[in-house]
Amino acid sequence: MWRATLRSLGAHKSRLAMTALAIILGVGLMSGTLVLTDTVGRTFDDLVSDIYAETDAVIRSADSVDTGFGETLRAPLDEALVDELLTVGDVVAAEGFVQGFAQAVSVEGEAVGGGFAPTFGFGWITVEQLNPFVIVDGAPPSGPGEVVLDPSTAEEAGATVGDTITVLSSQEPAEFEVVGLARFGTIDRPGGASVLLFDLPVAQTLFDLEGQVSEIGVVAVDGMTQDDAVAAIGKVLPDGVEAITGEAKTAEDQQSFQQALGFINTFLLAFALVALFVGCFIIYNTFTIIVAQRSRELALLRAIGASRRQVLASLLGESVLVGLGASVIGALSGVGIALGLKAMLGGFGVELPTNGVVILPGSLLTAVLTGFVITVVVAVAPAVKASRVPPLAALRDVAIDRSSMSVARVVGGLLVIGLGALNLVAGLAAEGGNAAVGVGFGALCVFIGVAVLGPVIARPTTRLLAWPLPRLRGVTGNLARENAIRNPKRTASTAAALMIGVGLVGFITVTAASVQSSIDKILDDAVTGDLIISSGNFGMGGFSPELAAQVSEVDGVDAVSGFRFAFGSVDGQPAFVGSANVDVFEDIADPEVVEGDLRSLGVGEIAISTGKAEAHDLALGDTVEMSFASGVAPLTVGAIFENDIVAGDWLMDHSGIEAVEPGTVDLQVFVRFTDDADADEVVAVIEGLTASYANAELQDLTEYKESQSAMIDQLLNLIYALLLLAIVIALVGIANTLALSIHERTRELGLLRAVGMTRKQLTSTIRWESVVIAVYGTLLGLVIGTVFGWALVQALGSEGLEVFTLPVARLVLIVLIAAGAGVLASLLPAWRASRLDVLDAIQTE
Amino acid sequence: MSLTETPNPPASAPPGPLAARAEGATKIYGSGDTEVRALDGVTCGFEKGRFTAIMGPSGSGKSTLMHCVAGLDDLTSGQVFVGDTALGELGERQLTQLRRDRIGFVFQAFNLVPTLTALENITLPVDLAGRKPDQEHLDEVVRAVGLANRLDHRPSELSGGQQQRVAVARALAARPEIIFADEPTGNLDSRAGAEILAFMRNAVRELGQTIVMVTHDPVAAAYSDRVLFLADGKIVDEMADPTADRVLDRLKQLGD
Ligand SMILES: Nc1ncnc2c1ncn2[C@@H]1O[C@H](COP(=O)(O)OP(=O)(O)O)[C@@H](O)[C@H]1O
Ligand SMILES: [Mg+2]
């Protein structure tokens, strides 16, 4: 029997090839994700241990605030502590680190980096054991007006050693001479960040940290353990300052990076699972069709005495071999896919540091096992069914299975969809991890339920869909339509595979459009200013507050407010605290204050959104304990506002935030003109002021909304790109079904060719059949995706997602692309069919 | 007019112009030890407006001859013509068009496209050519095959005899220059077979259709105007106005 399995596998090579491809792609993405995160993780771990290899202790503020992005912020220390540490006998060297925002401007006047990529400035560390940077060209920075760049930033800035560039910081833009280039360990540009290095006092000025340092690194005498060093240092440390060993610091940094990496890993794995789920349909379809085509042969085996168990074993044997083979190939191809993923993420601004490729057996094994188990499990149902073929079937022609319209199917399908809908609703109402699980499981159920219902709806729907074909394409169109609905089960499960990928595409498309129009609406309603000066930086950096001050002096300007923000936390949850010139903020934007007075908000006071007031049970006049890097600040609730889109959830005056978090810069500056001002003239004057701020972009409200939508589009494109694989797999599935169906119809094709169908007509028939299936699956997906999107908008209506928008043009485009993809999927099967030898075809058994 | 119930045929017509012919047609399969000469220098013609039967033992090359003359297969050497067109000079596309526009086919089984209705099957070659069927002619053919109330049925809803009638109707509907039928009654019981054969004969008599039929059944051959006997890829004899008994006798001699 085992030999029969092998032989049958050989005979169906080409038919199984596409199944194998579907498995390979899914497993490949999974393995690629794991290899990539293993590699990045290892690279970063090595980097971190290198950096702190000779650091025995790190001194820092004991209080910290979690940004929620796997990073913690701490208040700076007094620089005098460095000298005190040097008095400790066991300390050989100690030096302060400073870090802040600094951004290079290219010689062409463009800001380098920004957006999601961090723009770091550091103080140069002179103690070699403590300095992670290595000069690769020129010299270290040694005084005012000198800067050292990382090689990538230098290249992007078009600057070499000896050139002068402009540097943006919390101070006014200033000129610096590039005196050298330095690399971070072995890496040009860690995490895509740009790095600018300054002499320590220069850096302190630029970052608004005069007389302060962020952390202090310590080297102890030779032979002393790090723990002993920390103990020795502890005696001189003031309250609120702690020392940890270099090893502990290494572990901490590694861990926080692994946590951030974990997000990326989960994000990518989700797409791999979608791809595998789509692959399940291909596997199921292929085995079902192959088994149906072989039912005579199987019945014959049964008739000559093979037991049912033997038939089952032989069929499962086939899936075991295919599943194992394809999964191994997929896992190995993950190495290549990892590089592709890295490049793709890089293209979307997510730079991951890698050094070589790390291949962990555990990761490969996980990928192989996943693919293997999925294949075998999915193949069980068709195999069991086939093993039930009665021996007598060998003697008669096996009728095509058309039992598509069963009550059990309808009821079952509806029940599963119902279960999915319940989970979706529950998931949308839940928070955090539960929400993701609920929504994910709900979506899975809906997809499965629709797939179960598929055969029932496939026939009427595709018939309707293909209605114009006979009119447009005559008899070839008629044949295409009839072939597409000939076997509803097959059409349904082929289309279901596409439905999943397209469903997700439809969902994010509809959601993004709704987010976009909700934001537009809120901005339209709330922003009354005439001009927004945007820095385009999200994580850090922006404009020196000097700019807002200068703009407010301009004739014709009525009100100006910069907008900054700082990381805080309340009740252990991250809080993004914004700040504005509260006395005029309401003239420019309307946060819809419902209680209290925003204009008079002073130091030690905060305005909060109604949402947060409810969540944290806060009322006007209450005190909220807000943790910042500098420590816990008790803030009095001075106003409560409704609109959390323009001002966020927490809003303070600049003076208030300066008191807890010095050195913040303006991310944006909102400007309102006087009623009688000539807007063009005012803008021209402001343009003059921003000339030296290379990162400044002047936008009116329309342009500002466009730049917001560009951001959403970028994220959308990344998700599209990752969903592409699931869609490609579904297309492979269509090609596969077509190929298997054509194989089944060989004699019919021979007949058609004999009575005068040209190759072109035959190709066209198969092409249109493919287009019908592809468009059907796509429409199904878009309907589901739209319903998901709509549900999300309903659920999040109270959180600002108010407007449901159906992006009709985009959805139509998706359908057209699907039709084109259908054509693509038909190419190979149609070509093969058109090459059939007519005589051989008529005479096949 | 009834095409199906005419009794024995009248005497044959005098030799006329040829609808198709073969000249020194030779077809060799394989090479060396496994070489098979399916056709060995066959020269013959099929007169217009006549019903020709090709007979011979199994493996004598009947189907091969038919396939080659019908443009489904090519010769190793020699020439075949449909009308004045030499098939050897035609490309794949032209051959397809020739089959569609100038030739009709009736195979032994699986003649119909299962997804098309009886009527759609009948008009298939005309539809493929993108032409409008000649409605009057179509009505006549449909009436003649007696399927007027089954035209909307799919092949799976028709009996074997009905299916073959649809196949013959398809061959006739396009008004081809010549119809080739390979054992058209081979899968039918004798009654259904007789109906088909009588129908084909009347198409020749009354519509002036040219038909070439491959058969190994003397009773079927008796419906034709002329029988060609094939053995080992060569034409060994022919017989005008055959009867079943005479054909059977001749076959017995060939068998010796
Ligand atoms: N495709 C082929 N390959 C090899 N030999 C063939 C092929 N087709 C037919 N033959 C051989 O050619 C001879 C004639 O076949 P055929 O024309 O089918 O005979 P008939 O129809 O009279 O039974 C037979 O010996 C047959 O085995
Ligand atoms: Mg034959």
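Being a predicted model, the structure only gives us computed values, none of them experimental.

Caption draft 1: Representation of the site of ligand 1 within the structure. Residues and elements named next belong to chain B. Around ligand 1, the neighbouring residues are Tyr 29, Val 36, Ala 38, Pro 57, Ser 58, Gly 59, Ser 60, Gly 61, Lys 62, Ser 63 and Thr 64. Note that an oxygen atom of ligand 1 is positioned 3.2 Å from one of the backbone N or O atoms of Ser 60. In this structure, an oxygen atom belonging to ligand 1 sits 3.1 Å away from a main-chain N or O atom of Gly 61. A total of 560 Å² of accessible area belongs to ligand 1 in isolation, and the protein chains cover 58% of it. Looking at which element gives the most residues to the shell around ligand 1, the answer is helix H1 (residues 62–69), with three residues.

Caption draft 2: Structural detail: the nonpolar core. Among the nonpolar cores identified, the biggest contains 192 residues, and A:Phe447, A:Leu651, B:Phe46 and B:Phe180 are the most heavily contacted of them. For this core, the element with the highest residue contribution is helix H20 (residues 701–744) of chain A, accounting for 20 residues. Residues within four places of B:Phe180 in sequence aside, it is in contact with B:Met66, B:Val69, B:Ala70, B:Ile103, B:Gly104, B:Phe105, B:Val106 and B:Val212.

Caption draft 3: Spotlight on the environment of B:His216. Residues and elements named next belong to chain B. Here His 216 shows up in the loop between strand E8 (211–214) and helix H8 (218–221). A relative accessible area of 49% means that His 216 is categorised as partly exposed. Linking His 216 and Met 55, residues 161 residues apart in sequence, is a C-alpha distance of 5.6 Å. Other than its neighbours up to four places away in sequence, His 216 contacts Met 55, Gly 56 and Glu 183.

Caption draft 4: Up close: the packing of helix H2 (residues 13–51) of chain A against helix H10 (residues 361–387) of chain A. Residue and element names in this part refer to chain A. Running from N to C, H2 and H10 point in directions that differ by 160°, and their axes come no closer than 9 Å. The angle between H2 and H10 falls in the class roughly antiparallel. The two elements H2 and H10 meet at a crossing, and its hand is right-handed. Residue-level inspection shows Ile 23, Val 27, Met 30, Ser 31, Leu 34, Val 35 and Asp 38 of H2 in contact with H10, the latter providing Ser 363, Leu 364, Thr 366, Ala 367, Thr 370, Gly 371 and Thr 375. When the residues that make up the contact of H2 with H10 are grouped by side-chain class, the tally is seven nonpolar, six polar and one charged.

Caption draft 5: Summary view of unusual backbone geometry. In this structure, A:Asp208 takes a positive phi of about 65° despite not being glycine. Mapped onto the elements of the fold, A:Asp208 is located in the loop between helix H5 (200–206) and strand E14 (212–213). For A:Asp208, a relative accessible area of 29% translates into the label partly exposed. With a phi angle near 50°, B:Asp232 is a residue other than glycine that sits in the positive phi range. Relative to the assigned elements, B:Asp232 resides in the loop between strand E9 (226–231) and strand E10 (234–240). For B:Asp232, a relative accessible area of 64% puts it in the exposed group.

Caption draft 6: Examining the sheet that holds strand E16 (residues 241–245) of chain A more closely. Residues and elements named next belong to chain A. Taken in spatial order, the four strands of this open sheet run E5-E15-E1-E16, and their pairing is antiparallel. The open sheet terminates on both sides in strands that have one partner only, identified here as strand E5 (91–97) and E16. Strand-to-strand twist of the sheet, defined as the mean angle between neighbouring strand axes without regard to direction, takes the value 20°. Relative to E16, strand E1 (residues 57–61) runs antiparallel, the two sharing five bridges. Bridge pairing in E16 links Arg 60 to Glu 242. Along the sheet face, helix H6 (residues 226–234) touches E1, E5, strand E15 (215–220) and E16 and points at about 165° away from the line of E16. Of the strands in this sheet, E1, E15 and E16 are in contact with helix H7 (residues 246–293), which crosses E16 at around 90°.

Caption draft 7: Local environment of the interface of chain A and chain B. Counting residues at the interface gives 23 residues for chain A and 24 residues for chain B. Between chain A and chain B, a total of about 2100 Å² is buried, with carbon and sulfur atoms accounting for 66% of that surface. When the area that chain A buries against chain B is broken down by residue, the three leading residues are A:Leu751, A:Val755 and A:Leu839, summing to 27%. In this structure, the connection of chain A to chain B is made through three salt bridges. At the level of elements, helix H13 (468–484), helix H21 (746–754), helix H22 (759–796) and helix H24 (838–843) of chain A are the ones that each hand at least two residues to the side of chain A that touches chain B. With six residues, the top contributor of residues to the side of chain A that touches chain B is H21(A).

Caption draft 8: Examining the packing of aromatic side chains more closely. The final tally for this structure, using the stated rule, is 17 aromatic pairs over all chains. Across from the ring centre of B:Phe229, 5.8 Å away, lies the NZ or CZ of B:Arg250, which sits over that ring.

How each quantity is defined
Residues numbered from 1 in each chain as written. Chains lettered and ligands numbered in written order. Predicted model: local features only at pLDDT ≥ 70, side-chain atom pairs only at ≥ 80, totals over all residues. Heavy atoms only, no water. Near = heavy atom within 4 Å. Polar contact = N/O pair within 3.5 Å; in protein donor to acceptor, adjacent residues only side chain to side chain. Areas by Shrake-Rupley, 256 points an atom, 1.4 Å probe, with all protein chains shown as cover. Helix = DSSP H or I, 4+ residues; strand = E, 2+ residues; numbered from the N terminus. Core = buried A, V, L, I, M, F, W, Y, C linked by side-chain atoms within 4.5 Å. Buried < 20%, exposed > 50% of the residue type's maximum accessible area, 1.4 Å probe, protein only. Contact = heavy atoms within 4.5 Å. Axes fitted to C-alpha atoms, helices over the stretch in contact; angles between N-to-C directions. Parallel < 35°, antiparallel > 145°, perpendicular 65-115°, else oblique. Left-handed = near helix turned anticlockwise from the far one by under 90°. Nonpolar A, V, L, I, M, F, W, Y, C, P; charged D, E, K, R; others polar. Pairing = 2+ DSSP bridges. Buried area = accessible area lost by both parts, 1.4 Å probe. Salt bridge = Lys/Arg side-chain N within 4 Å of Asp/Glu carboxyl O. Phe/Tyr/Trp six-rings, centres within 6.5 Å; stacked < 30°, edge-to-face > 60°. Lys NZ or Arg CZ within 6 Å of the ring centre and 35° of its normal.

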